[in-house]
Amino acid sequence: MLSITEIKPINQKLNPALALSLSLDDTKRMESPWLRSGFSPDINTWKLILFYNGSLEEIQKEIPFSFIPLLGNFAILFIQEKYLPAFLAYPQVLYVELSRPIYENALTGIASSCLPDYNIITGRNVNETTLTGKGTVIAILDSGVDYTHPDFRNTDGSTRILAYWDQSLPFIHNHFSINNPYNLGIIFSEEDLNQLLTGANNFSFFDSSTPTALGSASESLSPSEDSSGHGTHIAGICAGNGRVSNGKNQGVAPESSLIVVKLKNDASSVYSDYANLMMAVDFAVRFTNSLFLPLSINISYGSNDGSHTGSSLLELFMEQVSLYGKNVICAATGNEGLTRRHASLNTISNQNTYDKSIDFTIAPGERSLYLEIWQTFADDFFYELFSPSGLESFVLPAVPGIYAYMIADTTIYLTINNPTPYQPFRQYFLSFSSNTTFITSGTWALHIESTPTGKIVDGRLQFWLPSKEATNSATGFLVPSSDMTFTIPSTASSVISVSGYDSSLDVFAPFSG
């Protein structure tokens, strides 16, 4: 049976997903990995992404909160939920976003990447001796790197890694030679890593004040294992020197130095989040600037959550950071090309009358899910969502706000936003939550019509489901579109977006974003 509840309007300084999460109690919020991202229920505190202007210290005189300043007037905000409404009222606060989940882009391997079976030295095949990366730095922001691997060490056995920030380790204050203003994890210097490699790990900064919960010195004061191998694989492609294979299997820049950041995962899952990635980028840029070295940042993580137009705070941050020092950001476009997580419509050819249905399947066993609809604000559309039985439905309202619907044993929370300077599109964000154990499976249908009294100016509609790493592989649109399947942040305007390529056919690999 359908029931409808209007919760409240949306504060225009909040992105819709955050506004929705703040309107829910902890139990409902924690059911969704997207709505709980960045929230610590034990201390009722949020980790959020902030865009601001002016002095935040002035606000701290009135409201308790902390923040990590980043380049370009961005910050990571830590604040208890009860203080957030008062915080938003200050003019220095321009926009606040949820620190959304971000996932490893799955490694597809040489065969899946359509590469022939031979030694690939793509960056060094110009006269066979040029472009080795000497005098440059590559930052690997990923799942970590096996720092003991010979391919990341010099001929004398010393490390090629200038700094290794393991965000997953407990934070230790004032014990390390590299400053850690992020209050997260441990940053190991080149000297620290060389001591570990030689077995001399009795660092002078390990003393009785170090928390005993960390365990022994040998266990605690070293980077944690790259359990997925994702980051080590990426580092090998970028910069492996081929010592294990006697020089046969080398990366693109075998003489470059490295910075490694192991991104911290959510406590109950395998994903990291936007805030951890932004701090990693900030660290890499600041550190290499202090050494006056050129930097290439590699990001092989991505998310479907957003308009994919470069307008999220993460994307805007990447754009701003690219202006600092000598750096370039390279981001993988993901592997969403064939996952059926994106659909699109272009209605401009039927401007006066339009009637269409977008169908999507929710696989059995899904506990949470979202559907995003993006359109131009000037366009007027009528939306109606039907359950798999076709017997229950509800019409999406035209008035911005936060709503809750009970349909087919499933709760659907809906947010509709007004335009802001930081999000110029209209977004319908539908969060599905089970009333029993799982969301009702089957084919849901979104019926779309043009309105008799409205107008269609742009006519383009974009629909998104979570990336394949976040849901069952059988979940997806019945008529998908592979266009615009770049994952965020490869959609940022200043980022070099790297896709898979089929060299045998001279086309993009179909699985690639």
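Note: the structure precedes this text.
Residues numbered from 1 in each chain as written. Predicted model: local features only at pLDDT ≥ 70, side-chain atom pairs only at ≥ 80, totals over all residues. Heavy atoms only, no water.

Q: Is there a simple way to think about the side chain of Arg153 in this case?
A: If you trace the backbone, Arg153 turns up in the loop between strand S8 (137–142) and strand S9 (161–166). Although Arg153 is buried, it makes no salt bridge; Asp156 carries the closest opposite charge, 7.5 Å away. Of note is the side chain of Arg153, whose polar atom sits 3.2 Å from the backbone oxygen of Thr148. If sequence neighbours within four positions are ignored, Arg153 has contacts with Tyr147, Thr148, Ser158, Thr159, Arg160, Leu197, Asn241 and Arg243. (Helix = DSSP H or I, 4+ residues; strand = E, 2+ residues; numbered from the N terminus. Buried < 20%, exposed > 50% of the residue type's maximum accessible area, 1.4 Å probe, protein only. Lys, Arg positive; Asp, Glu negative; His and termini not counted. Salt bridge = Lys/Arg side-chain N within 4 Å of Asp/Glu carboxyl O. Polar contact = N/O pair within 3.5 Å; in protein donor to acceptor, adjacent residues only side chain to side chain. Contact = heavy atoms within 4.5 Å.)

Q: Sorry if this is basic, but what is going on with empty space enclosed by the protein here?
A: The gaps of empty space that remain are located by a probe, the size of a water molecule, rolled over the atoms. The full count for this structure, using the stated rule, is 2 cavities of 30 Å³ or more. Of the pockets and cavities examined, the largest cavity occupies roughly 120 Å³. Lining of the largest cavity is provided by 18 residues; of these, Asn15, Arg100, Trp374, Gln423 and Gln427 occupy positions nearest its centre. Broken down by class, the residue content of the lining of the largest cavity amounts to 5 nonpolar, 8 polar and 5 charged. Approximately 30 Å³ is the volume found for the second largest cavity. Lining the second largest cavity we find Ile10, Gln12, Leu14, Pro16, Tyr95, Asn417, Asn418, Thr420 and Gln423. Its residues assigned to classes, the lining of the second largest cavity comprises 4 nonpolar, 5 polar and no charged. (1 Å grid on protein atoms, 1.4 Å probe; cavity = no way out; pocket = protein on both sides within 12 Å on 5 of 7 lines; lining within 4 Å. Points joined across faces, edges and corners; volume = space filled by probe spheres on them. Nonpolar A, V, L, I, M, F, W, Y, C, P; charged D, E, K, R; others polar.)

Q: Got a minute to help me understand the packing of aromatic side chains in this structure?
A: How two aromatic rings sit relative to each other is given by the distance of their centres and the angle of their planes. The full count for this structure, using the stated rule, is 18 aromatic pairs. Note on Phe51 and Phe74: the rings are 4.8 Å apart at their centroids and 35 degrees apart in plane angle, and the pair reads as tilted. Here Phe51, found in strand S3 (residues 45–52), pairs with Phe74, found in strand S5 (residues 74–80); they are 23 residues apart in sequence, far enough to count as distant. Take Phe51 and Phe74: they sit in the same class, and that class is buried. With 6.4 Å between their ring centres and 90 degrees between their planes, Tyr182 and Phe283 make a pair best called edge-to-face. Linking Tyr182 in the loop between S9 and strand S10 (186–189) with Phe283 in helix H9 (residues 274–291), this pair joins segments that are 101 residues apart in sequence. (Phe/Tyr/Trp six-rings, centres within 6.5 Å; stacked < 30°, edge-to-face > 60°.)

Q: Sorry, what's going on with the pattern of salt bridges here?
A: Once the charged atoms of two side chains with opposite charge are near each other, the side chains can pair. In this structure the tally under the stated criterion is 10 salt bridges. The salt bridge involving Glu81 is made with Arg29; its shortest N-O contact spans 2.9 Å. Of this pair, Glu81 sits in the loop between S5 and helix H4 (84–88) while Arg29 is found in helix H2 (residues 26–30), placing the two residues 52 residues apart along the sequence. Summarising the burial analysis for this pair, Glu81 and Arg29 share the class buried.

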